[in-house]
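Residue-level listing of the chains:
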Amino acid sequence: MQLIPCPWCGPREEAEFRYGGQAHVAYPEDPSALSDEEWARYVFFRENPSGPFAERWSHSAGCRRWFNAVRDTRTHELLAVYRAGEPAPEVTA
Amino acid sequence: MTADLTSLLAAWTDRLAALAPALTAAERPFRTQLTVRTADPSALGETLGVGFPAVPCTFTSGAGAEVLWLGPDEFLVVAPEGVNEEVVRGALGSSRGSVVDTSAQRTAVDLEGPHVRDVLAHGCAVDLHPAAAPAGTCVQTLLARTGVILQVRDGDRVTLLVRSSFAGYLAAWLCDAATEYL
Amino acid sequence: MTFRRPTGGAVDRDTVLRFTFNGQELTGHPGDTLASALLAHGVHEIGGSVKLGRPRGIVAAGSEDPTSLVQVETPFPEPMLLATTVELFDGLVARGLAGQGKLAAEPDPARYDAKHVHCDVLVVGAGPAGLAAALTAARSGARVVLVDEQNQAGGAVLGVDDPSTARWVAEVVAELENTSDVLVLQRTTAFGLYQDGFVLALQKRTDHLGFAAPASRARQRVWRIRTKRTVLATGAHERPVVFPDNDRPGVMLASAARTFLHRYGVLPGSRAVVFATNDSAYLAALDLAQSGVDVPLLLDARPEPPAGLAAECAARGIEVRVGQVTGTEGDRRVTAARVGDELVPCDTLLVSGGWNPVVSLFSQARGTLRYDGGLGAFVPGEELPTVRVAGAATGEFDLAACVRQGQESVGSANEVAVPASDAWRTEEPGLVLWRVPGDDNASFVDLQRDATVTDVLRATGAGLRSLEHIKRYTTIGTAHDQGKTSGMIAAGIVAEALGVDLADQRPTTFRPPYTPVSFAALAGRDRGELHDPVRVTPIHPWHVAHGALFEDVGQWKRPWYYPKPGEDRHAAVLRECRAAREGVALMDGSTLGKIDVQGSDAGKFLDLLYTNMMSTLKVGRIRYGVMCGVDGMVIDDGTVIRIGEERWLVTTTTGNAAKVLDWMEEWLQTEWPHLDVHCTSVTDHWATIPLVGPRSRDVLAAVAPELDVSAAAFEFMTWRDTTIAGVPARVCRISFSGELAYEINVTAWHGLAVWEALIAAGEPYGITPYGTETMHVLRAEKGYPIIGQETDATVTPQDLGMSWVVSKKKPDFIGKRSFARPENLRPDRKQLVGLLPVDPEVLLPEGSQIVGTRELPPPPVPMLGHVTSSYPSAALGRTFALALVRSGRDRVGDTLYVPVGDDLVPVTVTESVLYDREGARRDG
């Protein structure tokens, strides 16, 4: 059972969290202006890197806050955790 | 005709009482609880006469009220007689936020006794050692398979707040987990 | 004849325990394992082997034993336990197994549980290194947990005769037990090491008490340990050498014989031949000889035996010879060791092929292993930030050095002093020897799997090179013992066969659990009524008292229907439906998700969330809404009521309440934090009671005297605050059945009383409680979809025939852009329609496929869709169904076919609304 450091509540077991997929995928400014392909990229396509990956988590059984975490997908190690709205920190795996 | 108030835990009163002296467990039902969302609770603190918790995962108490930290802009006010949704919303004024009466959303179970931490450790992954969870601690976490708000009071006293629909499960779990200490 | 010595060992000879093994009544003493008690009676044969049926005995003295599998029959049947780890109790009945046991048919009455514990330092293993680590950590004031597999601390000390070290062990344990924040857990095996200092350990708490185990005490406990640092002082396992017929009962590891002698006061036999590759086997030979065992011969595979130990042996009359055991003789027990052409009579053959550090947990911690050519074993190959290894687990076998490692592993300067000991003295390095050539078919590598040298060579001969592949091909290391004594030897034989250096080979991956863990222990108390939380509404006690049968909806228990005496489901549901359509009925709708939405931007937010326009809703009114994902697929629906200028209450389907709140928070917190909106769950705060049917107005009027219930004053899709049965209530005029209906909301505290008041007030009208089944029928007759039943994340509002709920005016909302995707504009999308079986008695099974032809064409059969809901209907006087059908709306009037069993049932496609298409009934 991995610990995930909630930026507010501190480290808690992963069972308290919900996964939200890739972080920093902004909702398009004007979806109607996008081509079908551009829209499909937003809806269906996500990165799948081997290494650091910025993703969203929600402390759903705790403070219910969404936040961002950089996880090394090879080891699951959380390299950084930061609050929603904050820029992704520089990390090295 | 005025309807009677009923609590789902009423059916558990005797079974919870039977856990004494290993664990004194009793429901504290029908308290006024208000969920408050605001980034700036200072005015509310003045109105209620109790400062809002500034530190995550803590609670404050005073003037007959308790204020539990639920999130960076979210608090649960366990209000004294006479304080209700309108009063607190009035104190919020025009500032951004919300006040919702959630009195019946959760019920409270007070636990006390030498084995409180032992019993809870059977289902709670948060470190409840007195050094790690001193009096004033208030965590939202999982206890066994239900979410709870866990308030640590002084000594060996803990209050669990649980969603009303999960209260029966929590009571059943407490009774089972405490069996070993009877 | 007894093999129990008159003195020695940690057994209580004054107390006699009776037990039965393979039908034979025997005795032992407290402190015995089943294995030691059997050996005390000279019983070596435990069971047969899994494939070949060869007799098998006891090889090791602990959990690494590959062979002594037994089925314990009392007090509760449990298969696949090791005789070497079953502590003896009075009344034990067990039998030997041939690799397979039998699970009990009845539920296990014992209690199992779990407990979380947090510490600064976790020490695994209470041998000298582990004790030193724990003591050092404890003296520094740290929170310490020490877990140890045995019933007492000491580790390797338990297997030797060394009173001064044993005293040291006792003193350390006493100090640990008297230090606050130190938890010492015996009979506890750390079986899994996971991320972030999470270690699972299984504690066997009452197994050893047998019939005397208190029922209130959890029999086994899974400790969920969260530690900042871990010290693995897991020791080492002796490994055998493989030679022909090495599997006969009586062939035993040398250290196991020493342990049986010193810990249990039991001799392994009368006459023992010893086969050594290292000095430790000499110590076993000497101890046995001193205890009265005839040890005629010690064969040392090394060219130069250690001079000092050899001289000690000679003094004891043990001939030390350079050589190897090349086979054994015997039927059900070894009777002679073969040394070339010579047969040396014996009833015990002790073997030592060296020592394997126990690196399983270190490997689970993702520590890399390094091959140590001197040891012939993999050892920890690096230092990990939070996991240290100490003692024999590192390949260190000197007592003082082990203690020093233990102490250093927690990085404290506190000195721990251990008395000097010669119980593990060594003179010369060991020889790495995997096997003695001979009949490969009878040279067993993994005794439990009946896997031989031939099997290993067949694997390498087939071209396999990776140890992982060979493990799977040969099954070596896949039994209960996970290759504790066989894995290293298999790797060595593979390396020899391939002519490669073991240093270049990757060992097989160690995975949890280190030793077998029962499912009961893993389940803990999460079984029976605690298996999954049962959520109930405040009205639940009434439903129980009135005979409701319940349906699980997520974690909720919802009344399914309320059968009267003699009624089956069909009859009860028809009666409940009739009451709702012709009189008055009520149900418990408290499980609906309810979310309070407040803020100056609440309308704007709801406009983005729902497909239809919400911001234009007037205070006091209600609108039905649908939510889609960004892909345009329906995720939830419900009502939205506007309570005030800046306050709304939305409802969600029962199963989606948490999901929808999370969804709202996700958008608010991550995309639109600028919006002034706050969402709060009030699902459990409100009890919700739909009151349905033409007479519902009369009942409401009776309980809500202040409310003008007339159709003109209280319009459809509006709400009113009032008082019902004396308590504040909010009444919504909405309908999920097409009938005149009111949804009454009161706080959960008042739910039961208001329900009872409605029942009382409705009595003159024959008010009828109804359950989810009737609710489903009523809504299906009206063609209202249920999210999750008619939809499956591939269905758009348009597919449901609900284009009317999709705003054309709003510039954007979640999912809007996806509606214009070509895929979602295809005319052959599956659409919601009604199906009427041509035979009005035929009930289509939900989930049935739909085809277009009267007879099935050869496969692949083109499928047109499937039945999503299907019911008999009182109102329609026949059966009907809802279905998703390709181009369904264009097929209205067509006949399609539904395969049911061997038949193709003809059905007529209709509009989805089958009852009261005009909506004439909703005003009563």
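For every chain, the first residue of the written sequence is number 1, and numbering continues from 1 along that sequence. Whichever chain is written first is A, and whichever ligand is written first is 1; the rest continue in order. Given that the model is predicted, a residue must reach a pLDDT of at least 70 before its local features are reported, and side-chain atom pairs must reach 80 or more before they are shown or counted; all residues, however, enter totals for whole chains, interfaces and linings. With hydrogens and water excluded, all non-hydrogen atoms of the structure serve as input to the side-chain values.

Caption draft 1: Representation of the overall build of chain A in the model. Each helix corresponds to a stretch of at least 4 residues labelled H or I by DSSP, and each strand to a stretch of at least 2 residues labelled E; elements are numbered beginning at the N terminus. Each helix and strand counted, chain A has one helix and six strands in total. Along its sequence from the N terminus, chain A presents helices and strands in the succession β-β-β-α-β-β-β. Over its C-alpha atoms, taken along the principal directions, chain A stretches across nearly 40 × 30 × 20 Å. For chain A, the residues scored as buried account for 44% of the 93 residues in total. In chain A, of all internal contacts separated by at least 6 residues, the share reaching a separation of at least 24 is 43%. Counted charges follow a simple rule, with Lys and Arg positive, Asp and Glu negative, and His plus the chain ends left uncounted. Lysine's charge is taken at NZ, arginine's at CZ, aspartate's at CG and glutamate's at CD. Of the charged side chains in chain A, 10 are positive and 14 negative; the average position of the first set lies 7 Å away from that of the second. A 1.4 Å probe rolled over the protein chains alone gives each residue an accessible area, and that area as a share of the maximum for its type sets the label: buried under 20%, exposed over 50%, partly exposed in between. The contact definition used throughout considers only heavy atoms, calling two residues in contact when any of these lie within 4.5 Å.

Caption draft 2: Spotlight on the packing of helix α9 (residues 453-461) of chain C against helix α11 (residues 487-498) of chain C. Residue and element names in this part refer to chain C. Two numbers describe how α9 lies on α11: the axes approach to 10 Å, and their chain directions differ by 50 degrees. In terms of orientation, α9 lies oblique with respect to α11. Here the hand of the crossing between α9 and α11 comes out right-handed. Across from V453, V456, L457 and T460 in α9, the residues of α11 making contact are A490, I493, V494, A497 and L498. Angles run from 0 to 180 degrees between N-to-C directions of axes, and those axes are lines fitted to C-alpha atoms, restricted for helices to the stretch in contact. Put simply, angles under 35 degrees are roughly parallel, angles over 145 are roughly antiparallel, angles from 65 to 115 are roughly perpendicular, and the rest are oblique. The sense of a crossing depends on the near helix, which, turned anticlockwise from the far helix by less than a right angle, makes the crossing left-handed and, turned clockwise, makes it right-handed.

Caption draft 3: Representation of helix α14 (residues 569-582) of chain C. Under the 1.5 Å per step criterion, the end-to-end length of α14 of chain C is 20 Å for 14 residues, consistent within 8% with the ideal 20 Å. Packing partners of the buried residues in α14 of chain C comprise β30 (556-561), β31 (585-586), β37 (686-692), β41 (768-769), α19 (772-781) and β44 (865-873) of chain C. What a helix is expected to span follows from its residue count: subtract one and scale by 1.5 Å.

Caption draft 4: Region of the structure containing the pattern of salt bridges. Salt bridges are counted wherever a side-chain nitrogen of Lys or Arg sits within 4 Å of a carboxyl oxygen of Asp or Glu. Within this structure, the stated rule accounts for 77 salt bridges over all chains. Between E74 of chain B and R37 of chain B there is a salt bridge, with the nearest N and O atoms lying 3.9 Å from each other. Of this pair, E74 of chain B sits in strand β5 (residues 74-79) while R37 of chain B is found in strand β2 (residues 32-37), placing the two residues 37 residues apart along the sequence. When sorted by exposure, E74 of chain B lands in the same class as R37 of chain B, which is buried. Taken together, the salt bridges that share partners define one network made up of D176 and E180 of chain B together with R111, D113, R205, R217, R221 and R525 of chain C.

Caption draft 5: The arrangement of the environment of A580 of chain C in detail. All names here are of chain C. Counting through the fold element by element, A580 comes out in helix α14. Residue A580 is classed as buried on the basis of its relative accessible area, which comes to 0%. Each C-alpha atom, one on A580 and one on L691, is 8.7 Å from the other, the two residues being 111 residues apart in sequence. When sequence neighbours within four positions are dropped, the list of residues in contact with A580 reads A585, V692, G693, P694, E739 and L778.

Caption draft 6: Main features of the sheet that holds strand β21 (residues 342-345) of chain C. All names here are of chain C. Spatial strand order, β19-β20-β21: three strands in an open sheet with antiparallel pairing. Of all strands in the sheet, those with a lone pairing partner are β19 (327-330) and β21, marking the two edges. Neighbouring strand axes in the sheet, compared pairwise and without regard to direction, differ in orientation by 30 degrees on average. Where strand β20 (residues 334-339) lies against β21, four bridges are found, and the strand directions are antiparallel. Each bridged residue has a counterpart across the sheet, and for V339 the counterpart in β21 is E342. In this analysis, strands are considered paired if DSSP registers two or more bridges between them.

Caption draft 7: Seen up close, the interface of chain B and chain C. Counting residues at the interface gives 46 residues for chain B and 54 residues for chain C. Accessible area, probed at 1.4 Å, shrinks when two parts are joined; the buried area is that loss added up over both. With both sides pooled, the region where chain B packs onto chain C buries about 4300 Å², and carbon together with sulfur makes up 51% of that total. Taken together, the links from chain B to chain C amount to 13 salt bridges. Residue R145 of chain B is joined to D526 of chain C by a salt bridge in which the shortest nitrogen-to-oxygen separation is 3.3 Å. Whenever two N or O atoms come within 3.5 Å, that pair is a polar contact, provided that in protein one can donate a hydrogen and the other can accept it, and provided that, for residues adjacent in sequence, both atoms are side-chain atoms. Linking chain B to chain C there are 37 residue pairs in polar contact (both at pLDDT 80 or more).

Caption draft 8: Representation of the packing of aromatic side chains within the structure. Any two of the Phe, Tyr and Trp rings considered here, Trp counted by its six-membered ring, make a pair once their centres fall within 6.5 Å; the pair's planes then place it as stacked at under 30 degrees, edge-to-face at over 60, or tilted in between. Inspection of the entire model under this criterion finds 26 aromatic pairs over all chains. Between the aromatic rings of F243 of chain C and F275 of chain C, the centroid separation amounts to 6.0 Å while the plane-to-plane angle is 55 degrees, which identifies the pairing as tilted. In this pair, F243 of chain C sits in the loop between β14 (236-238) and β15 (251-253) while F275 of chain C sits in strand β16 (residues 271-276), placing the two residues 32 residues apart along the sequence. Taken together, Y27, W39 and Y42 of chain A together with F605, W663, W667 and W672 of chain C form an aromatic cluster joined through their ring pairs. A cation over an aromatic ring shows up here: R46 of chain A above the ring of Y42 of chain A, its NZ or CZ 5.7 Å from the ring centre. Lysine NZ or arginine CZ positioned within 6 Å of the ring centre and within 35 degrees of the ring normal marks a charge as sitting over the ring. For the cation-ring pair, R83 of chain A lies above W8 of chain A, with the distance from its terminal atom to the ring centre recorded as 3.4 Å.

Caption draft 9: The interface of chain A and chain C, seen in detail. Counting residues at the interface gives 28 residues for chain A, matched by 28 residues for chain C. Interface area for chain A against chain C, summed over the two sides, is near 2400 Å², with a carbon-plus-sulfur share of 46%. The largest contributions to the chain A side of the interface with chain C come from Y27, R64 and W66 of chain A, which together make up 26% of the buried area. Counting across the interface, chain A meets chain C through five salt bridges. R64 of chain A is the salt-bridge partner of E665 of chain C, the closest N and O atoms lying 3.3 Å from each other. If you look at where chain A meets chain C, you find 17 residue pairs in polar contact (both at pLDDT 80 or more).

Caption draft 10: Quick look at the sheet that holds strand β47 (residues 903-910) of chain C. All names here are of chain C. Judged by pairing direction, the sheet is antiparallel, and its six strands sit side by side in the order β43-β44-β45-β42-β47-β46 without closing on themselves. The sheet is open, and its two borders are formed by β43 (849-850) and β46 (895-900), each paired with just one other strand. Two strands pair when backbone bridges link them, and strand β42 (residues 830-837) and strand β45 (residues 878-886) are joined in this way by six bridges, in the antiparallel orientation. If you follow V833 over to β45, its bridge partner there is A883. Relative to β44, α19 is tilted by about 110 degrees, and along the sheet it contacts β44 and β45.

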